[in-house]
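# Descriptive analysis of the structure
Given next are the chains, with one letter for each unit.
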Amino acid sequence: MKFFIDTANLEQIREAQELGVLDGVTTNPSLMAKEGIRGKNNILKHYVQICEIVDGDVSAEVIATNLDDIIREGEELAELHDQIVVKVPMIRDGIKAIKYFSDIGIRTNCTLVFSAGQALLAAKAGATYVSPFLGRLDDISTDGLQLIAEIRQIYDNYEFETQILAASIRHTMHVVNCAKIGADVITGPLSSIDGLLKHPLTDSGLAKFLEDAKSF
Ligand code: E4P
């Protein structure tokens, strides 16, 4: 299972990388805006900086929504660094673009996926990753984990190679449940990964060991 961090914040990416378990980064226009990154050149530079920190894949999202512009933008992003994965929204021209990119060897992440049917289409088009947004489904009283399970079943039925990138992860139990279901990747905030570390019995057990070790 791969761990991606869902942020454009360089400090947090460095911190996750230093933990030694980071496999990649996902960004989106909202996350870039949150870091105050503006202007095309600064945005492109920022993606390169992220690639230089992390060893794995870095999803960079296109803003265009028509085929020609998605292709132009995606090719430009892909040329930035060999770790870049072009993130394309689940829309009609997005699917056409994913098929085009897949045919020429550019890796893609199909984003804003909220149904099993959309995930099936993304796999048919040859997406490298599909990003079902489980937290946003949970936010509207719909079972996000159930969607991850349905996609797992469909992909296994036909041996699709598209990797399930469980996105919009909000907390540590999302990570654990995605692991049980068999998601290939999770992407979430650093806190969702840090939470895996924690158990009160570990803390109290360690405190006791250190206390007893004083008698050595
Ligand atoms: C995925 O790639 C998206 O960037 C992200 O996971 C969306 O998460 P949010 O619902 O917390 O904004």
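One structure accompanies this document, and this report is about it. (Residues numbered from 1 in each chain as written. Predicted model: local features only at pLDDT ≥ 70, side-chain atom pairs only at ≥ 80, totals over all residues. Heavy atoms only, no water.)

## Description of the sheet that holds strand β3 (residues 57–61)
Under the convention used in this document: Paired strands, in this sense, are two strands between which DSSP finds at least two bridges. Starting at the N terminus, helices and strands are each numbered in turn, a helix being any DSSP run of H or I of at least four residues and a strand any DSSP run of E of at least two. For every element, the axis is a line fit to its C-alpha atoms; helices are fit only across the contacting stretch, and the angle between N-to-C directions ranges from 0 to 180 degrees. Pairs of residues are marked as contacts when any of their non-hydrogen atoms sit within 4.5 Å.
Strand order in the closed barrel formed by 8 strands is β1-β2-β3-β4-β5-β6-β7-β8, and the pairing between neighbours is parallel. Neighbouring strand axes in the sheet, compared pairwise and without regard to direction, differ in orientation by 30 degrees on average. Both strand β4 (residues 84–89) and strand β5 (residues 108–113) contribute to a ladder of 4 bridges, which runs parallel. Bridging from a neighbouring strand, Pro89 pairs with Thr111 of β5. In the packing of helix α6 (residues 116–125) onto the sheet, the strands contacted are β5 and β6 (129–132), and the crossing angle to β5 comes to about 165 degrees.

## A word on helix α3 (residues 40–53)
Convention followed: A helix's residues, less one, multiplied by 1.5 Å, set its expected span. Exposure is judged per residue with a 1.4 Å probe applied to protein chains only, and the accessible area is read against the type maximum: over 50% gives exposed, under 20% gives buried, and values in between give partly exposed.
Counted at 1.5 Å a residue, the expected span for α3 with its 14 residues is 20 Å, and the 21 Å between its end C-alpha atoms agrees. Taken together, the buried positions of α3 are occupied by Leu44, His46, Tyr47, Ile50, Cys51 and Ile53. Those residues of α3 hidden inside the fold are in contact with α1 (10–19), β2 (24–26), α2 (29–34), β3, α4 (67–80) and β4.

## Some details on unusual backbone geometry
Unlike most non-glycine residues, Leu112 shows phi in positive territory, near 65 degrees. For Leu112, the location among the structural elements is in strand β5. Of note in this structure, Glu159 is not a glycine but carries a positive phi near 55 degrees. Here Glu159 lies in the loop between α8 (144–158) and β7 (163–166). What makes Glu159 exposed here is its relative accessible area of 69%.

## With respect to the site of the ligand
Applicable threshold: Nearness here has a simple test: a residue counts as near a molecule or strand if at least one of its heavy atoms is within 4 Å of that partner. Pairs of N or O atoms within 3.5 Å make up the polar contacts considered here, provided that, within protein, one atom can donate a hydrogen while the other can accept it, and that residues adjacent in sequence are counted only when both atoms are side-chain atoms. Per-residue and other accessible areas follow the Shrake-Rupley method at a 1.4 Å probe size, with only the shown protein chains counted as cover for residues. Note that Gly is not counted as nonpolar here; it falls among the polar residues with everything else outside the nonpolar set of Ala, Val, Leu, Ile, Met, Phe, Trp, Tyr, Cys and Pro and the charged set of Asp, Glu, Lys and Arg.
Taken together, Asp6, Thr26, Asn28, Lys87, Phe133, Arg136, Ala167, Ser168 and Arg170 make up the full set of residues near the ligand. Between the ligand and Asn28, the relevant distance is 2.7 Å, taken from an oxygen atom to a side-chain nitrogen or oxygen of the residue. Starting from 340 Å² of accessible surface for the ligand in isolation, the protein chains cover 85%. Residues that form the shell around the ligand fall into these classes: 2 nonpolar, 3 polar and 4 charged.

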